[in-house]
Amino acid sequence: MTENQVKILDGNTFVVSDERGDIEASLTDPTGLFSFDTRFLSRWVLTVDGQLLSPLSVDDLQYFETRFFLVPGTGTVYVDAKLSVIRHRSVANGFHEELTVLNHDDKPVEVTVRLEAGCDFADLFEVKDAVDKKGLYSTRLDDRRLVLTYRRETFSRSTVISSSQPCALDEHGLTFQLQLGPHGSWKTGLDVVPEMLEATEDGDTEPSLAWQARRPRTNMARNLERWLDQAPRLECDWEPLKTTYRRSLVDLAALRFSPISAGRHSLPAAGLPWFMTMFGRDSILTSLQALPFNQELAATTLRELALRQGTRIDDFRDEDPGRILHEMRYGELTAFEERPHSPYYGSADATPLFVVLLDEYERWTGDTRLVRELEFEARAALRWIDEYADLQGNGYIAYQRRHQETGLENQCWKDSWDSISYHDGTLPGFPRATCELQGYAYDAKLRGARLARLVWHDPAFAEALERQAADLKRRFNRDFWVEDGEYFAIALDADGGQVDSLTSNNGHLLWSGIVDKAKAKAVARHLMGERLFSGWGVRTLAVGEGRYNPIGYHVGTIWPFDNSFIAWGLRRYGFKEEAAQVAAGILEAAEFFDGRLPEAFGGYPRSMTKYPVQYPTACSPQAWSTGAPLLLLATMLGLEPVGEHLLVDPAVSRAIGRLELLDIPGRWGRVDAFARGRVDTSAPARGRPGR
Amino acid sequence: MSDDVVEFFEELGRRGHEPLLAKVTGRVRFELVDGGGTTDRWLVAVDKGDTVVSHQGGPAACTIQAERALFERLCRGEENAMAAVLRGALVCTGDVELLFAIQRIFPGPPRERPAMPGAEGSR
């Protein structure tokens, strides 16, 4: 992968090219035009008189369009630019490219412009793993279109390439013979359009999948403008925060994704470029982060996840009745059941979080209609917790994959292989009951009870849920509490023993409310203590644990999304200053990334590196990192819906100064929140209880 | 005529009300194509979960077409409907939301091996 990739996208359609706008992908190289998890163009190389071009500049206009300024010739030799070329590319149905050739000479000139085109139709999963294709390729020239097709049994995917200006077509591309007058110019419009499946044999009906994939695009520039207009306005003394806020809003717009069946509604996909699809966990958590700013994302997330809720037992897909999906894909490997993503259900947290989001959404919007509409699914999700997730038989949610080759080993947000470890660094067996899952289950039961009473008019169910929640909380505080360390173990192992490392998961427990009041102070002290808090944020795993590594994916790095929920949790228990400190640290880190927080950054002490060290990752922007500044803003302002009103109770770092969030949408219409930074975050807060 | 398919539809008809389809109102036509080119049609009319099945054609908001052999496997839980749609082996035309809803009623795969600890949810 090269450093200077240019990416544009709309939903799950995206183009990754080099700085010339060219695509020369090998099977394992992640460039090309992708749509619905399939590469629809792997070769797209522009030459003028047989020469490649050199980039003068790249203009990233919007997330969905870019402009390349080029001159013929490459290498170190200075090019005598009598000609220049502009490629203006935007994602549409596939992409559209306006190709302009300019003659800067006062003499006429003849040039040959050629575009080489080809496609390997790789499944996104294959791009990562280099799997051999099992189907057949074909190429067809018809009229003014070059059609590339891949077929395997009934599976077919095609790419249709056309030009608005006449050209000579061959199986490998398009050739234009141009005659440009003095200072003349020439222009053509090129369209590269992906096609899913083919029309049925009678020819008059087209599979829904095909036309759903080709939904008309709205005016994207206007759409983005409207999106930004509808978001609350941020005013503050600290300029970088404004940059971060705007970056977050634009990136969140870019990450919107409309699954087939959602019509024009969209939900947050997980991340660009490899995760532009629906993920239960990521879509839910990002919708939660964004609730004070946009509520349609949550509504669509809830509806679409409900539509695909598990209904049967399927070991290949880790599906159970009531379970909320983990990940959904549309590519060849999924279609042939070589991968389980149609959808795959291997997530132990998405199901309780689904209920949490439904309740939080109602608290912000008052939309009881959706709560009524999703009653069946919410009840099924709550039932899943008790009937299908208790793999250890002890009343806790636990996970263990049911398909060894394709299932996910860790079905919680820390999903890498070594993320769950004992203090001495060894790994527990399966099933594993991680602690934050119990917090989510507790919260889901209480929130489910509220909805049962308020909307479903079932007080008996509400009481049962509340009884279960109280019992869960009591047992949890007994079984997960590491006595001598005064924190909660990250998990219980298969024998019910504590997996006793100190982790950021403790912050999620505060957010869920499962922590006994008497234990909260010790938990907050750990979160803000030197072993977990780096100065920028809370580490995933504490310094001193066997597997601690400041650049280990889930064993020492700092995740902005994680921290946003930790800050929310600290506030829930009254630790306002600590929450303000976490918020300030993460938002100050954002400044080093021009407002776009990475998925994770290094856990080195802030005093040592002075700047946050980015964890190398292929995924940026990532949805829940994009959502982190939003939730941190809401947390600092202490935004809390209470009945028909929005409570504002700010605790803001002095370094941020004046902070105003105007036109916050909700059941109250629109309201403003004002704050002045009074919390001194220069010296670390140390788990002092709220005042 | 395959017993699995007939049994599936007749059983669905006998249920009268299917909670998994409680939000659904609409008609889905299933077209099962034989090797010989003949088509066997079933019409499932759903009204907020109340389900009436008839062994005939008729207008429908959503049509689901497949080879009979594939459909037999679907009725036995040996085939995943959504994967088959992506593959083009199960072709849906019309209202795709009806497809998402109706695929819920197909059974899960038969479980051959003894359940692993992680599969105890089946109890």
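Residues numbered from 1 in each chain as written. Chains lettered and ligands numbered in written order. Predicted model: local features only at pLDDT ≥ 70, side-chain atom pairs only at ≥ 80, totals over all residues.

## Observations concerning the overall build of chain A
- Tallying secondary structure elements over chain A gives 18 helices and 29 strands in all.
- Dimensions of chain A, computed from the C-alpha atoms along their principal axes, are close to 85 × 60 × 50 Å.
- Evaluated residue by residue, chain A yields a buried proportion of 53% over its 691 residues.
- Pairs at least 24 apart in sequence give 64% of the contacts found in chain A among residues at least 6 apart. (Helix = DSSP H or I, 4+ residues; strand = E, 2+ residues; numbered from the N terminus. Buried ≥ 20, exposed ≤ 12 C-beta atoms within 10 Å, placed from the backbone. Contact = placed C-beta atoms within 7 Å.)

## Observations regarding the overall build of chain B
- Each helix and strand counted, chain B has four helices and five strands in total.
- Secondary structure elements of chain B, listed N to C terminal, follow the sequence α-β-β-β-β-α-α-β-α.
- In chain B, once contacts between residues fewer than 6 apart in sequence are set aside, the share between residues at least 24 apart is 66%.

## Regarding the sheet that holds strand S3 (residues 23-24) of chain A
All names here are of chain A.
- With respect to topology, five strands assemble into an open sheet ordered S3-S6-S11-S16-S15, the strand pairing being antiparallel. Two strands close off the open sheet at either side, each with one partner strand: S3 and strand S15 (168-170).
- Relative to strand S16 (residues 173-180), strand S11 (residues 109-118) is paired through eight bridges, and the arrangement is antiparallel. Of the residues in S16, the one forming a bridge with Thr112 is Gln177. (Pairing = 2+ DSSP bridges.)

## Thoughts on the packing of helix H11 (residues 435-454) of chain A against helix H12 (residues 459-479) of chain A
Residue and element names in this part refer to chain A.
- Orientation of H11 relative to H12, taken along the N-to-C sense of each, is 160°, at an axis distance of 8 Å. Regarding the angle of H11 to H12, the classification is roughly antiparallel. Seen from above, H11 lies across H12 with left-handed handedness. Residue-level contacts link Gln438, Ala441, Tyr442, Lys445, Leu446, Gly448, Ala449, Ala452 and Arg453 of H11 to Pro459, Phe461, Ala462, Leu465, Glu466, Gln468, Ala469, Leu472, Lys473 and Phe476 of H12.
- Looking at the contact of H11 with H12, its residues break down into 12 nonpolar, three polar and four charged. (Axes fitted to C-alpha atoms, helices over the stretch in contact; angles between N-to-C directions. Parallel < 35°, antiparallel > 145°, perpendicular 65-115°, else oblique. Left-handed = near helix turned anticlockwise from the far one by under 90°. Nonpolar A, V, L, I, M, F, W, Y, C, P; charged D, E, K, R; others polar.)

## Considering the environment of A:Thr311
- The topology assignment puts A:Thr311 in the loop between helix H6 (296-307) and helix H7 (332-335).
- Using a count of 19 C-beta atoms within 10 Å as the deciding quantity, one classes A:Thr311 as partly exposed.
- Counting along the chain gives 191 residues from A:Thr311 to A:Asp120, while the straight-line C-alpha distance between them is 36 Å.
- With residues up to four places along the chain from it excluded, the contact list for A:Thr311 reads A:Pro321, B:Leu20 and B:Arg104.

## As for the interface of chain B and chain A
- Counting from both sides, the interface comprises 32 residues of chain B and, opposite them, 37 residues of chain A.
- Within the residue set of the side of chain B that touches chain A, elements represented by two or more residues are helix H3 (81-87), strand S5 (90-94) and helix H4 (96-102) of chain B.
- In terms of residue count, H3(B) provides more of the side of chain B that touches chain A than any other element does, five residues in total.
- Looking at side-chain class alone, the side of chain B that touches chain A contains 18 nonpolar, nine polar and five charged residues.

## Notes on the nonpolar core
- Ranked by size, the top nonpolar core spans 191 residues in total, and within it A:Phe354, A:Leu357, A:Leu358, A:Leu570 and A:Ala583 carry the most contacts.
- Leave out the neighbours within four places in its chain, and A:Phe354 touches A:Ile284, A:Leu305, A:Ile324 and A:Ala381.
- If you look at the next biggest cluster of nonpolar residues, it comprises 41 residues, including A:Ile260, B:Phe71, B:Met82 and B:Val91. (Core = buried A, V, L, I, M, F, W, Y, C linked by C-beta atoms within 7 Å.)

## Digging into the confidence of the model for chain B
Residue and element names in this part refer to chain B.
- Averaged over every residue, the pLDDT of chain B is 87; the share at 70 or more is 89%.
- In the model, residues 114-123 has pLDDT below 50 throughout and makes 20 contacts with residues more than four positions away in sequence or in other chains.
- Complex prediction metrics read pTM 0.94 and ipTM 0.90. (pLDDT = per-residue confidence, 0-100.)

## Some words on the pairing of S5(B)
Residues and elements named next belong to chain B.
- Counted residue by residue, S5 has four buried out of five residues, so it is predominantly covered.
- In terms of strand pairing, strand S4 (residues 62-67) meets S5 through five bridges, oriented antiparallel. Bridge pairing in S5 places Thr63 opposite Thr93.

## Brief notes about H12(A)
All names here are of chain A.
- In a regular helix each residue adds 1.5 Å, so 21 residues correspond to 30 Å; H12 covers 30 Å between its end C-alpha atoms and thus fits that length.
- For H12, the complete set of buried residues consists of Ala462, Leu465, Gln468, Ala469, Leu472, Lys473 and Phe476. Each buried residue of H12 sits inside an arc of 140° when the element is viewed along its axis, so together they form one side. Exposed and facing more than 90 degrees away from the buried side of H12 are Pro459, Ala460, Arg467, Arg474 and Arg478.
- If you follow the buried residues of H12, they end up packed against helix H10 (375-387) and H11. (Expected span 1.5 Å × (residues − 1). Arc of directions from axis to C-beta.)

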